[in-house]
Structures are given as structure tokens and as C-alpha cells.
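Analysis of the macromolecular model
Here is how the chains run, residue by residue.
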Amino acid sequence: MHSIEQYREEFITHLEQKVGTREPKKLYDPIVYILGLGGKRLRPVLTLMTTEIFGTDYKKALHAALAIEVFHNFSLVHDDIMDDAPLRRGQRTVHEKWDINTGILSGDAMLILAYQLFENYPSDTFRELAELFSKTALEVCEGQQYDMDFETREDVTVPEYLHMIEYKTAVLVAAAMKMGGIIAGASLKDQNLIYEFGKNLGIAFQLQDDYLDAFGDPKTFGKQVGGDIIENKKTILYLSALQLGSAEEQKEILDLYSIQPQDATEKIKTVKTVFISSGAAKHTKTEIGNYTEKAFEVLDVLNISDEKKAMLKQFGENLMKRKV
């Protein structure tokens, strides 16, 4: 087995070899740009790692890993347009650097390019990968729509929120891992088990992201702490505070989430206090633990060596400690 860093380096080399500027440049330059902005490359790394865990040379999965990364970045290009976001990974978003029409069209091309990459596999493998990819891509779109719907709804529940993040975030992590199983020729049972591992870990990761947005260390979190509070995002912390808090705490949260002061320092401080006093912070940490444990329970029945099970558990633990 290789290290996460080795998988990442091999993937980046493959990406740089395969993704180059073509004509017309205004279509392809934005694709090269967004794919070059970096990031952890978590999803393609998972595809490579899972392929090797199931006993096959991880290099056979490089095309599928690239497809996953191209699709992920396609979704970011379109999400940034919908959110009118000026920055992505500290750099100008595609629609800001070029224009909205370019962002839409280059994003569309990325989705097609992602599908094309599966054509590098034998017909049976291609069919299985394409079926999984189609299902996953549609679920990601559904998750994005739920997220947009929630912005104007006042009756969103915690179960609905968990369903939304499962589709918007976790299914792509799950699919990245199952693709490794497909390419390695793992049994359908093991393919589905590794999918469940990825899905539950993906949910736990997103819940932890919500928690760290409010309570993380600004030096290590990598984003502005309190960003979700400033933007009045209905994360699990907010929804849990409304579900678990007293009438007074519920009113305070609703009042604070109806304003956007120029200096949000006091708002962030007060909201975090309510998150703690209402039990929302504790509930969120419990849910993070529950989904992490659900992922690890899958390993008990996965048909791989104890050494590889330990490696997957270590990966999950490092991910939840933000070391991956």
C-alpha cells in the first residue's frame, strides 16, 4: 500500500498530463484554471486507495479518479455562480475571472469530459462506472436543490438537513470509493460496503465542518470561523438549537439569524453561546461520533485483511482530525 501523499502526487501528475488547453481557449482555459487551484484531492485519492485495498494496481483507477475530480470541480463552478461567490480557494471564481456564460459553458464541458474518461475502461467496467456516476451526479444536483430550498424555508428539520448533506456531499465520497471497488473487481457486497463506509464518513465530515465553522481554531480550520453564522446558514447547529433550545433561546437564535450587522463579532459570540447552552453543540458532536462509528462498523464485515481495515480506520480518524 502507498501513502495518501503518494496517491495525491501520482494523481496530480496524471491530471497535469491529461488536462491541457485546447481550442477554443475560452472554453478550456477556465477548466485548466479551476482544476489547477489545488485542494486536498480527497475524492480521487480515495478512488486510488480503494482500488489498491481491493488488490489491484491503483494506476488502473487514474482515469476514474480524474473523472471524480473533474465532476467535483464542475459542481463548484456552477455552485459559485448560484452563490455569486467571488472567491474559491483564495482565488477568483471562474465566473468572476471570465463571465457567467463562460462559467456555465465550461462547467457543462467538464461534466461531459468526466463521462468521457470512463471510456478508457472495458465495456462491463464502463457500464458499472457510468451507472454509478449518473446516479451520483443526479443526487448531487438534488442535494444542491434541497440546500437552495432550505434558504427560504423556516420549517427545515434535522433529518431533512442530514438527507441534504448526504446527497450534496457524502454520495460523491461514497461513489469515489465504490469506483475503486468496481475497477478492482471486488464483490458487489464489498462494493456496497465500501460505499456505505464512504457515505457515513462523508456525512460525519460535513457535520464536523459545520461544527468547526463555529468552534474551530482559525489557525487550523482554513476558513473564516463564524462564516456560516454571518451568512445565516441553517446548519445542524442552528437547526438543533431550534429543536432543543428553550423558547427564549429559540427566539434569540431566530432574531440573530434575521440580521446581518456590518460588524458580526457580537452576533457570532452570542450565537455560539446559544449553541452551547441549548445543547446544539453537544448534539452535533454526538452526531459526528455516530456517523464516524457507523463508517467504522462497516469495516468489521468488509472482506479485506485486518491490516487494510486498520489503514481505512486510520484514514477516517485522520480525516476527522483534519490531517488528510
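Residues numbered from 1 in each chain as written. Predicted model: local features only at pLDDT ≥ 70, side-chain atom pairs only at ≥ 80, totals over all residues. Heavy atoms only, no water.

Turning our eyes to something else, we now look at the overall build of the protein chain. Looking only at helices and strands, the protein chain has 16 helices and two strands in total. In terms of overall size, the protein chain behaves like a compact globule, its C-alpha atoms giving a radius of gyration of 20 Å where 324 residues would be expected to give roughly 20 Å. Relative to its 324 residues, the protein chain shows a buried fraction of 55%. Summarising the internal contacts of the protein chain: among those between residues at least 6 apart in sequence, 72% fall at separations of at least 24. A gap of 4 Å separates the mean positions of the 38 positive and 50 negative side-chain charges of the protein chain. (Helix = DSSP H or I, 4+ residues; strand = E, 2+ residues; numbered from the N terminus. Rg over C-alpha atoms; globule rule 2.2 N^0.38 Å. Buried < 20%, exposed > 50% of the residue type's maximum accessible area, 1.4 Å probe, protein only. Contact = heavy atoms within 4.5 Å. Lys, Arg positive; Asp, Glu negative; His and termini not counted. Charge placed at Lys NZ, Arg CZ, Asp CG, Glu CD.)

Attention now moves to the pattern of salt bridges. One pass over the structure, following the stated rule, counts 15 salt bridges. Linking Glu 139 and Lys 135 is a salt bridge whose minimum nitrogen-to-oxygen distance equals 3.2 Å. In this pair, Glu 139 and Lys 135 both sit in helix H7 (residues 123-150), four residues apart, roughly one turn of the helix. When its relative accessible area of 42% is taken as the criterion, Lys 135 is described as partly exposed. (Salt bridge = Lys/Arg side-chain N within 4 Å of Asp/Glu carboxyl O.)

Evaluated as defined, the whole model comprises nine aromatic pairs. On the numbers, 5.5 Å between centres and 45° between planes, the contact of Phe 71 with Phe 74 is tilted. Note that Phe 71 and Phe 74 are positioned in helix H4 (residues 62-83) at a spacing of three residues, about one turn of the helix. By relative accessible area, which is 1% here, Phe 71 ends up buried. Relative accessible area serves as the criterion here: at 10%, Phe 74 is assigned to the buried category. Here the aromatic rings of Tyr 238 and Tyr 257 are separated by 4.4 Å at their centres, their planes lie at 35°, and the arrangement is tilted. Of the two residues, Tyr 238 sits in helix H12 (residues 236-244) while Tyr 257 sits in the loop between helix H13 (247-256) and helix H14 (265-277), which places them 19 residues apart along the sequence. (Phe/Tyr/Trp six-rings, centres within 6.5 Å; stacked < 30°, edge-to-face > 60°.)

Running from N to C, helix H15 (residues 280-298) and helix H16 (residues 306-320) cross one another at 160°; their axes reach a closest spacing of 10 Å. By the angle between their axes, H15 is roughly antiparallel relative to H16. The handedness of the crossing between H15 and H16 is right-handed. Between H15 and H16, the contacting residues are Ile 288, Thr 292 and Phe 296 on the first element and Lys 313, Gly 316, Glu 317 and Met 320 on the second. The residue makeup of the contact of H15 with H16, split by class, is three nonpolar, two polar and two charged. (Axes fitted to C-alpha atoms, helices over the stretch in contact; angles between N-to-C directions. Parallel < 35°, antiparallel > 145°, perpendicular 65-115°, else oblique. Left-handed = near helix turned anticlockwise from the far one by under 90°. Nonpolar A, V, L, I, M, F, W, Y, C, P; charged D, E, K, R; others polar.)

This part takes up the packing of helix H8 (residues 158-184) against H12. For the pair H8 and H12, the least separation of the axes is 10 Å and the interaxial angle reads 165°. The orientation of H8 relative to H12 falls into the category roughly antiparallel. As H8 runs across H12, the sense of the crossing is left-handed. Taken together, the residues of H12 that come into contact with H8 (itself represented by Val 158, Tyr 161 and Leu 162) are Ile 236, Leu 239, Ser 240 and Gln 243. Residues belonging to the contact of H8 with H12 are distributed by class as follows: five nonpolar, two polar and no charged.

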